[in-house]
Structure formats: structure tokens, C-alpha cells
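Structural overview for review
Listed below, chain by chain, are the residues.
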Amino acid sequence: MPIALLFVALLCACLGNPDVQRRADRIVDGMDTRQKIGQKIMMGLRHWCPDSEPTCRDDMVALPPALAATLRDNAIGGVVLLGGNIVDLEQTRRFTGQIRQARAPDNPLGMLIGIDAQGGNAVHLPRTMAAFPGNMALGAAFQGSRDSSLAVAAGRVRATEIRAVGFNVNFAPVVDTNRDPRNPVVNVHAYGDDADTVGLLSGLAAQGARQAGVISAFKHFPGHGGTVSGAHHGSPRVEKPRADAYAADLAPYRHAIESGHAPDMIMTAHIPYPSLDSSEIASRTGEPIMVPATLSRRIQHDLLREELGYRGVSITDAFYMSGIGEHFEPADAVIKAFQADVDIVLMPLDIHTPAQVQALSRLMDELVAAVDSGKIDRAELDRSVSRIVQMKLRHRITANGERDALPDLSVIGSPAHREVETRIARASITLLHNEGQVLPLKAPAQRVFILAPRAEQAEAMRRRFVQQGHAATSAAALGAMSWEARKQAMDKADVVVIGTMADAAPPVKKFTGIPPATPDQAQQARNAMEYAKEQGKSVIHVALRAPYDAVDYDDIADATLAAYSCDGDESGLRYPSLPLLVDVMVGASPATGRLPVDIPMPDGSGGVGPVRYARGFGLSL
């Protein structure tokens, strides 16, 4: 039996409770069409500007009265906040409190308040909260330790902290299996490339979140792991045979549903998946395009509902993404999603001035008219709204439930939570290559020079080297010094440590403004390694994010480690992975992580070749 099927049973979804269903049906029976449609909309609140400045991008950090009124008048069922909405913990808690009040007094249901808190470099929250090094780090820790409690603890801690500032939905975990190392969207956000392990860790993380009172959303259905571009910037498609879809992408969902422990929520992907549905629909220009999975009834109803038997709530990914927003008018896209049998549409409109507030009412008018005309099936609408209401009842997202006390803000970043974060980071560090046993570094008198794509990464490692007794350690960002200065620094060193970041997608970092690595920095890293090697230095390569670029420097580096995390020290707020990486280098901590993915060699033409390091590989130290 697959390990996902053995362990995902720990995730208790409590679907199908007859009493909850009867209560939900009574509530739905008392709604008019507009109120029902409102429950199926989850708005984004990104910017707020004066009417005189309609193109401004000022972040919304409190709920304007005009926007609160239109949410209330249209019985909107939920809101999502992004990084720009969040300044600090107290402000976030006030903001979510305002959102909870934006409902009609006679509405028995509360608001879904969502956040994308995946961990790793998907950071929409202040660093005072436990962010964790990310899913692939957890996958590496599990491969090395087989300790499934880490996933439960990570889900519980993250949920406890976001619950403390008022969120009740987390758009996580990522359940995609990263089947292509070139994938810029899933990549290090995946637990790995093995469907059973992904299903196991996803289910355990969601179990931990449920313990803390937060709804999790498996994403991105039917699977984003086989793409090489992202729906933020176009419409990538998954060119995988149907058998591969079932064996990899659909497997975590199927295991959870068949075991009777389906997640409360599943998020769709805006990607065409031809082997599951190759039909075409008309775009806003009338041009036929292959149907995105989000709008595909074959995928969202026939496959997810009928074949896999999912009875929970489905929700779209954000509609502002190019995969939807570029091709469809808002009302048309929402109608198509409802016709596909998706329950909730996320961010169908971008309202950011007082004059635009009425756009939501106009959208609702069009959707009500679509129900009245039969374009949206009324019986299917009722079944969909009942699923949403049942989920809210199970999680006490009701008028009375909202009076429940939130966790105290003191839980955020508590020593107990930091300890879980550190355990995962320490257990994830993976040693891939150690030519001539250059590691551990045994002589504290050795002079160490560190280069990394970002200064805060280099500083995090430098500070830890000094703490570990290697006082003669210096560091710099790759772009912060000239080539001549770099050569001089390497000439003076005995050991050169160079970090790289293999990722085509920029990190989501509200709180730093630090740019991601660039192809030029990758070339600079190689040039530096080659020069250091020519001068007889010991060269240590650190894959700071996804481990796939380990093979790009294998021919030069004496040692290679994978950290799965690219965050260092920011304004005194310290991330654990890079200091713990140094601990491994100096022998203060063992290397116990094991690869959660296969790392192939490049084939020389932009594709992938034979596997160089297999899933489960890792050297001990």
C-alpha cells in the first residue's frame, strides 16, 4: 500500500456529517440568488487609491468603508489578503477584524479570510512569524529521518500563527509533484517528485492546520508539476500522457479522497492539460484556446467530482493571473468557472478606487442574470453553496463562531515554534558531494571567503562561521564588488564558499525588496569557482534554493550542499537554514537530509538528461 494511503488517513475532514448538512441546507434555503452567488466569491483587496489617481498602487492596509459596504451588500463570502496588505501583526489583526464585520447583521455565516502562507520564499507575512524553510526542505528532512511528525508540527505552527492575526484559510499545501526541474512555479515549493511522499506530507500538514482551526487548500488541481512556465505569465500546458497524470499529478488527491480524508478545499490550476481535456473555448477576442483546467467541466466536475468522488469545496486560483485574466472578461470567466462546477472564484475583480466599487455589484447582477436565464444551473448552484456553508459550519465560521477568541499574538515566533522551524531546517541540509573529504572544515584558522547572490545570505553564513570560531571569514554579494576585488579576496582565502540560486521565478518577498538571482549571477558564480580552483583553493558550492543546479558546478566544486532555502539575515531577523548549513560545514552538526527529488544532468539543449543524484541520495558527515 502506498505510504500516502497509509498516513493521509490521519487527516480528518469530517465530510458528510448529516447534522451539518441539514443545517447547511436550511441556511441555503433561506438565501436569495444574490446571497448564494456572494458565498461563491472571494475578493482580493490589493490597492486603494483616490479616484483622482486610478493607476496608483498604494497597498490597502485597512478596509475602506465603501468597500466594506459593497462586501456586505453583495453578501460576499470571503476575502484574501496578500503581502502588500500586511504591515505588522497588530495592523493585520485589525484589518482581518474589519473584514469579519463586513457582513449583514442577519447573515448567519462568517467570512473566509485567506492568506498564501506556504513557507519558504512565498512570504506574505512579517518575519516575526515562523516561516519555515519551505516544502522541499521538509521533504528532504523526511527523506533523511522518516519523521512524519515534522509535517504535522509545521502545519500546526503555521496555522496557529496565521490564526492569531485573524486568518481562517491558508492556500497551502502545494500538492504538486515537481516532475520537471525546469518548473519555475512549483519547484522548491513542492515536497518532492514522488507522488506518494507528496500525498503523505500534504495530508499531514493539513492535519496540523486543522488542529489549529485553519482550513487548508490542496493545490493546484489537477497538477502543475509538469509545466515549465507559470500561469502568472501566460497559459503553460502540461504535455503529459493521461497515465502519467493519474500516476503523479492526480495521485495525492486520489489517495486523500479514497481514504475518506479529503481536504476541506482544493484549488484549481489555470493550465491546459490536454490529456485530461483537449477541448477549446472562445477567448474574449473570439479566438479559440485550449480550455484551462479551472474552466474545464471535464476536469472539475467529471474528474474531480464524479470520478474521484470529491465532496469538499473547490476554489480557483486568482483570476488576475494571465492564464485567465488575459483571455476572458471577468463575468464570462466567473460564469465559465461556475459552469465547470467550481465552488468559489478567487479575486474576480480588482477594485482599488471608490469609483470602482460599483463594479462588484454589476458583476453580481450579471451572475444573478446568468442563473435566472439558465446559463448557471440553479440546482448545481444550490449544491455548491451547500458545500461552502457546510465547510463554514464545521470550522465555526459563523456569526457566533466569530466571537471565539483568537490565539494571543504572543504565540507568534515563540521559542516552541522557532524550535520546530529549526528542527526542520537542520534535518534538511543535504551533502551531495565531498571530494577528498574537504568537509568538515577542521582548522578554525583557515581563511574563508563567502560569495552569494544576496548580501543578507552571505552575511548569515559569515556571522555563523565567526560564531563557530572561524574568525578570519569575510563575505560579499556577487554583484557588490568588482571582478578584481573578488579575485583579491579569493587570493587571500583558503576556502571559498559560493552560493547559487536555481530558480527562474522571483521570490515573493514583501518585506525586503531584495532582487532574486539572475543568469548573470550564475555565470559570475561559475567564474569565481573556476578562478578559486585555479588558485588551489578549497571550493564549496551551496545550492541555496532548489538543489537542481548542483550538477552545474560538479566539475569544479570540492563539496556541494543543498539548503532548500535562500533567506539569510534581514534587519536582525534571522532565518535558520543558512547558519545551520555552516554548522554542517564545520562539523558542528551532521548532514542528515536526503534528496526529495531526482537531479538530472542537463542535456545541452535546454532539456534534461540522465539522473546524476537520485531521490534519497545524501552523504553523511
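In this report, the structure presented in the accompanying data block is examined. Source: prediction; values computed, not measured.

1. Considerations on the pattern of salt bridges
Under the definition given, this model contains 32 salt bridges. In this structure, Arg46 engages Asp350 in a salt bridge whose closest nitrogen and oxygen atoms are separated by 3.3 Å. Residue Arg46 is located in the loop between strand 1 (41–44) and helix 4 (65–73), and its partner Asp350 is located in the loop between strand 11 (345–346) and helix 14 (358–373); the two are separated by 304 residues in the primary sequence. For Lys533, the salt bridge goes to Asp558, with nearest N and O atoms at 2.4 Å. With Lys533 in helix 19 (residues 519–534) and Asp558 in the loop between strand 17 (538–543) and strand 18 (559–562), the pair connects residues that are 25 residues apart, well separated along the chain. Assessed through its relative accessible area of 35%, Lys533 is described here as partly exposed. Accessibility expressed as a relative area gives 11% for Asp558, which makes it buried. Among the ionic contacts, a cluster of salt bridges with common partners joins Arg305, Asp341, Asp343 and Arg387.

2. Structural notes on the packing of aromatic side chains
One pass over the full model with this rule turns up four aromatic pairs. Look at Phe218 and Tyr253: their rings are 6.2 Å apart centre to centre, the planes differ by 65°, and that puts the pair in the edge-to-face class. Of this pair, Phe218 sits in strand 6 (residues 215–221) while Tyr253 sits in helix 10 (residues 251–258), and the two are 35 residues apart along the sequence. As far as the burial class goes, Phe218 and Tyr253 line up, both buried. Joined through ring pairs, the aromatic side chains of Phe218, Phe221 and Tyr253 make up one cluster. Over the face of the ring belonging to Tyr320 we find Arg46, whose NZ or CZ atom lies 4.3 Å from the ring centre.

3. Quick notes on the sheet that holds strand 17
If you walk across this open sheet you meet the six strands as 12-18-17-15-13-14, and the pairing is mixed. Whereas interior strands pair on both sides, the edge strands pair on one side only; in this sheet they are strand 12 (430–434) and strand 14 (473–477). Mean inter-strand twist for the sheet, computed between neighbouring axes without regard to direction, equals 15°. Bridge count for strand 12 against strand 18 is four bridges, and the pairing is antiparallel. Across the sheet, the residue bridging to His433 is Thr560, located in strand 18.

4. What to know about the pairing of strand 22 (residues 608–613)
With three bridges joining them, strand 21 (residues 599–602) and strand 22 adopt antiparallel strand pairing. The partner of Pro602 across the bridge, within strand 22, is Val608. Here strand 21 folds back onto strand 22 in antiparallel fashion, the turn holding five residues, of which Gly604 has a positive phi close to 90°.

Scoring rules and cut-offs
Residues numbered from 1 in each chain as written. Predicted model: local features only at pLDDT ≥ 70, side-chain atom pairs only at ≥ 80, totals over all residues. Heavy atoms only, no water. Salt bridge = Lys/Arg side-chain N within 4 Å of Asp/Glu carboxyl O. Helix = DSSP H or I, 4+ residues; strand = E, 2+ residues; numbered from the N terminus. Buried < 20%, exposed > 50% of the residue type's maximum accessible area, 1.4 Å probe, protein only. Phe/Tyr/Trp six-rings, centres within 6.5 Å; stacked < 30°, edge-to-face > 60°. Lys NZ or Arg CZ within 6 Å of the ring centre and 35° of its normal. Pairing = 2+ DSSP bridges. Axes fitted to C-alpha atoms, helices over the stretch in contact; angles between N-to-C directions.

Read these as geometric descriptors, not functional statements.
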